[in-house]
Amino acid sequence: MNRLAIVTTTYRNDLDWCRILCESIDRFVPASIMHYLFVEDRDISLFRNLENNRRRVISQNEIMPWWLFRLPFRVRGHNLRISPFTLPVRGWIAQQVVKLGVFEVLEEDVFLCLDSEAFFFRPFDPASLFRESKVMMVRHEEPWDWPNAGVYYSAAHNLLGIKPDGSPMKRYMSVQFVFRREVLKELAERIRSNSISGSWKMPLFNTSRFSEYTLYGIFVERVLGFEGSGHFPAGEFLIRYVGPKSYGHSLENLEKLLAGFEPLPGEAGMLLQKGRAKKKGISPDAALYEGMVHRLWERLNK
């Protein structure tokens, strides 16, 4: 059985974006698929009104260990958690650990991870992720030459206790990554057994830079093998990435882009990355984008 759920790790600055995602899920995703929002304790009350019969808001502390203390102030712009056993843990590292730990608190078999800035724009068929009993996992075939690729690969090799095999680095990072519950459990056990700490989370907290998707992808391909993992390799097809550079950091350009947007076969959603710098002429305010998204929904679903 392959029960599917959608998982989003988010925080207060993305509340309005997350509201658009939730509205799209309620509109375009079968009601049998649960949606889980993982947020910090301090943000739970802000997100609570997004709950309904198919959505739950869950504290990240359900996965974060009790001995990791969140500082009440920011350090050089970062929210940090500290402990006697780890490096200071930045918020984006904590969110990655939360995603890798969903098997501890959720019962579904397969998890589709979507960012707050993603949304569906037409009906989503969950069967598109599956080939019989196997579920897709994004793996880009072209060599990965991003500046941090080597850092992420090295971190994954160290955490898994394996050596580089000399093959070109592949990009597993994606806007539509899918985890299997049983594989997450095996991955956690692999990390735990390769550490003297007796914990699978502590080695991650003591890794200054890693990618949860790269770690999972290398574990599937190099340790389990696709045949034994219940995955098959696939390219991105479900969610289209649209970044600020593609519309020149201009809302007027973005409106034109969305007005002429035509989905490719299989595409059912978009990750519309918000602008982050007002000095570039665009605001991260979701209200400025919401009307465009609604018009896109109406045009594509006449």
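Preceding this paragraph is the structure being described.
Here the structure is a predicted model, which means the values were calculated and not measured.

**Q** If you had to explain the overall build of the protein chain to someone new, which residues and values would you point to?
**A** Helix and strand counts for the protein chain stand at 10 helices and 16 strands. Computed over its C-alpha atoms, the radius of gyration of the protein chain comes to 19 Å, within 12% of the 19 Å expected for a compact globule of 302 residues. Based on the C-alpha atoms only, the size of the protein chain along its principal axes is roughly 55 × 45 × 40 Å. Looking at the protein chain as a whole, 53% of its 302 residues are labelled buried. A separation of at least 24 residues holds for 78% of the contacts in the protein chain among residues at least 6 apart in sequence.

**Q** Please provide a residue-by-residue account of the pattern of salt bridges, values included.
**A** Scanning the entire structure with this criterion turns up 25 salt bridges. For the salt bridge of Asp165 with Arg222, the shortest nitrogen-to-oxygen distance reads 3.6 Å. In this pair, Asp165 is assigned in the loop between helix H4 (149-160) and strand S12 (170-171) and Arg222 in helix H7 (residues 212-224), connecting sequence segments 57 residues apart. Taking relative accessible area as the criterion, Asp165 reaches 46% and is therefore assigned partly exposed. For the salt bridge of Glu267 with Arg240, the shortest nitrogen-to-oxygen distance reads 2.7 Å. A residue pair is termed long-range when its members are at least 10 positions apart, and Glu267 in the loop between helix H9 (251-259) and strand S16 (269-272) and Arg240 in strand S15 (residues 239-242) qualify at 27 residues.

**Q** Tell me about the sheet that holds S15, and name the residues and values.
**A** Here we have 3 strands laid out as an open sheet, ordered S8-S16-S15, and mixed in their pairing. The open sheet is flanked by strand S8 (118-120) and S15, the only strands paired with a single partner. Averaged over all adjacent pairs, the angle separating strand axes in this sheet is 25 degrees, with direction ignored. Here S8 pairs with S16 via 3 bridges, running antiparallel. If you follow Phe119 over to S16, its bridge partner there is Met270. The sheet contacts of helix H10 (residues 287-300) involve S8 and S16, and relative to S8 the element is tilted by about 30 degrees.

**Q** Describe the sheet that holds strand S10 (residues 134-138), with residues and values.
**A** With mixed pairing, the 3 strands of this open sheet are ordered in space as S9-S10-S14. In the strand order of this sheet, the two ends are held by strand S9 (130-131) and strand S14 (231-234), each with one partner.

**Q** Please set out unusual backbone geometry residue by residue, giving values where relevant.
**A** In this model, Glu132 sits at a positive phi of 55 degrees, which is unusual for a non-glycine residue. Structurally, Glu132 is set in the loop between S9 and S10. Here Glu132 falls in the exposed class, since its relative accessible area comes to 79%.

**Q** How would you summarise the side chain of Lys134 if you had to cite specific residues and measurements?
**A** Tracing the sequence through the fold places Lys134 in strand S10. Within the local environment of Lys134, its side chain forms a polar contact with the side chain of Glu227, the two groups lying 3.0 Å apart.

**Q** Residues and numbers for the packing of aromatic side chains, please.
**A** The final tally for this structure, using the stated rule, is 15 aromatic pairs. Taking 5.3 Å as the distance between ring centres and 90 degrees as the angle between the ring planes, the aromatic pair formed by Trp67 and Phe85 counts as edge-to-face. Of this pair, Trp67 sits in the loop between strand S3 (55-59) and strand S4 (69-75) while Phe85 is found in the loop between strand S5 (78-82) and strand S6 (89-90), placing the two residues 18 residues apart along the sequence. Where Trp67 meets Phe205, the ring centres are 6.2 Å apart and the plane angle is 90 degrees; that geometry is what we call edge-to-face.

**Q** Got a sec to walk through the nonpolar core? Specific residues and values, please.
**A** Judged by nonpolar contacts, the single largest core of 51 residues is most densely connected at Phe38, Leu100, Phe179, Leu204, Leu215 and Tyr216. Ranked by residues supplied to this core, first place goes to H4 with 7 residues. With residues near it in sequence (within four places) discarded, Leu204 still touches Ile93, Val97, Leu100, Leu159, Ile191, Phe210 and Leu215. Core analysis: the next-biggest nonpolar cluster, separate from the first, contains 43 residues, Trp17, Val175, Ala234 and Ile239 among them.

**Q** Now, about the environment of Ile44: what can you tell me, with residues and values included?
**A** You can see Ile44 is positioned in helix H2 (residues 44-47). Note: C-alpha distance between Ile44 and Ala286 (242 residues apart in sequence) is 20 Å. Residues within four places of Ile44 in sequence aside, it is in contact with Val39, Val57 and Ser59.

**Q** Tell me about the state of the cysteines, and please be specific about residues and values.
**A** Simply put, disulfide is the name for a covalent bond between the sulfur atoms of two cysteines. Scanning the entire structure with this criterion turns up 0 disulfides. Looking at Cys18, it has no disulfide partner, and the nearest cysteine sulfur is the one in Cys22, 4.1 Å off. Judged by relative accessible area, which is 0%, Cys18 ranks as buried. Sulfur of Cys113: no disulfide; nearest cysteine sulfur belongs to Cys18 and is 13 Å away.

Basis of the calculations
Residues numbered from 1 in each chain as written. Predicted model: local features only at pLDDT ≥ 70, side-chain atom pairs only at ≥ 80, totals over all residues. Heavy atoms only, no water. Helix = DSSP H or I, 4+ residues; strand = E, 2+ residues; numbered from the N terminus. Rg over C-alpha atoms; globule rule 2.2 N^0.38 Å. Buried < 20%, exposed > 50% of the residue type's maximum accessible area, 1.4 Å probe, protein only. Contact = heavy atoms within 4.5 Å. Salt bridge = Lys/Arg side-chain N within 4 Å of Asp/Glu carboxyl O. Pairing = 2+ DSSP bridges. Axes fitted to C-alpha atoms, helices over the stretch in contact; angles between N-to-C directions. Polar contact = N/O pair within 3.5 Å; in protein donor to acceptor, adjacent residues only side chain to side chain. Phe/Tyr/Trp six-rings, centres within 6.5 Å; stacked < 30°, edge-to-face > 60°. Core = buried A, V, L, I, M, F, W, Y, C linked by side-chain atoms within 4.5 Å. Disulfide = S-S within 2.5 Å.

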